[in-house]
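Spelled out from the first residue to the last, the chains are:
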Amino acid sequence: MNFTITTVARSLADYLAPVLPGVTFYEDPNQQDSAMPCAFLQQRYAYLELRTGGRWLRRIGLDLTYLEDYNLTDLQRRYQKAAEALDLVLETFPYTDGADTTLLRTYDREWRIDADALHYKFELRVFVFLPEAFNPMERMDYQEEVIMAENTIERRGS
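Residues numbered from 1 in each chain as written. Predicted model: local features only at pLDDT ≥ 70, side-chain atom pairs only at ≥ 80, totals over all residues. Heavy atoms only, no water.

## Some words on the environment of Asp116
Applied cut-off: Helix and strand assignments come from DSSP, with helices taken as H or I runs of at least 4 residues and strands as E runs of at least 2, each series counted from the N terminus. Three labels apply to residues, based on accessible area from a 1.4 Å probe with only protein chains included: buried if under 20% of the type maximum, exposed if over 50%, partly exposed otherwise in between. Contact between two residues is taken to exist if any of their heavy atoms lie within 4.5 Å; hydrogens are not considered.
Residue position: Asp116 is located in the loop between strand E5 (101-113) and strand E6 (118-128). Under the relative-accessibility criterion, Asp116 is labelled partly exposed at 44%. Counting along the chain gives 41 residues from Asp116 to Leu75, while the straight-line C-alpha distance between them is 9.0 Å. When residues no more than four places from it in sequence are discounted, the contact partners of Asp116 are Leu67, Tyr70 and Tyr79.

## A closer look at the packing of aromatic side chains
Put simply, the rule reads: The aromatic pairing rule takes the rings of Phe, Tyr and Trp, using the six-membered ring of Trp, and pairs them if the centres are within 6.5 Å, calling planes under 30 degrees apart stacked, those over 60 edge-to-face and the rest tilted. For a Lys NZ or an Arg CZ to count as sitting over a ring, it must be within 6 Å of the ring centre and within 35 degrees of the ring normal.
According to the stated counting rule, one finds four aromatic pairs in the structure shown. Directly above the aromatic system of Phe127 lies the positively charged group of Arg55, at a separation of 4.2 Å from the ring centroid. The ring of Tyr107 carries Arg125 above its face, with NZ or CZ at 4.3 Å from the centroid.

## Looking at the nonpolar core
Side chains of a nonpolar character, in soluble globular proteins, are inclined to be buried together. Selection rule: The set of buried Ala, Val, Leu, Ile, Met, Phe, Trp, Tyr and Cys residues whose side-chain atoms join them within 4.5 Å is what this entry labels a nonpolar core.
With 28 residues, the main nonpolar core has Val8 and Leu124 as its most contacted residues. Of all the secondary-structure elements, those providing two or more residues to this core are helix H1 (5-16), strand E2 (38-50), strand E3 (56-67), helix H2 (75-89), strand E4 (92-96) and E6. Excluding residues that lie within four positions of it along the chain, Leu124 makes contacts with Phe3, Val8, Arg58, Arg59, Ile60, Leu62, Phe93, Leu104, Arg105 and Thr106.

## Points about the sheet that holds E2
Definition in use: Think of it this way: DSSP has to see at least two bridges between two strands before they count as a pair. Every axis corresponds to a line fitted to the C-alpha atoms, with the helix fit spanning only the stretch in contact, and the corresponding angles, defined between N-to-C directions, vary from 0 to 180 degrees.
With respect to topology, six strands assemble into an open sheet ordered E1-E2-E3-E6-E5-E4, the strand pairing being mixed. Only two strands of the sheet have a single partner each, and these edge strands are strand E1 (24-26) and E4. Sheet twist, expressed as the mean angle between neighbouring strand axes with direction ignored, is 30°. Summarising the sheet, E1 and E2 pair through three bridges and their orientation is parallel. Following the sheet pairing, Tyr26 is matched in E2 by Phe40. Its contacts with the sheet place H1 against E1, E2, E3, E4 and E6, and it is angled at close to 125° to E4.

Here it is in structure tokens:
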């Protein structure tokens, strides 16, 4: 299974479409010609931590930004309603890379409302294998050799 931010954004958009009806999802912030209401996903940080067995823990901080038309009189209520809807459904979500599907858990979820947007932040923690050649331990041949010298015994390994 391949894991990329593009496939995370696509999986989230598919999963959240029934939760936020009428919302257009973009992979990145869209500056012009955005159909409101809209949402987009931004990556905030990423960490890799080496774990046993050649696995890495990939921690990715994401910000799902939700926008409505700025001049609405009930803008604050709309953002709160969207945040509460996201709280109810974003503990896990189905992730697919086009071939396989699995559930991803979200961590450290929080949201805040700015003057112009709702920011729903969370972290993904995914165990991954980096695409590199695996080099397992190979067999080592070792033969002990005893050499006799004047009144001493030496041991040498080869």
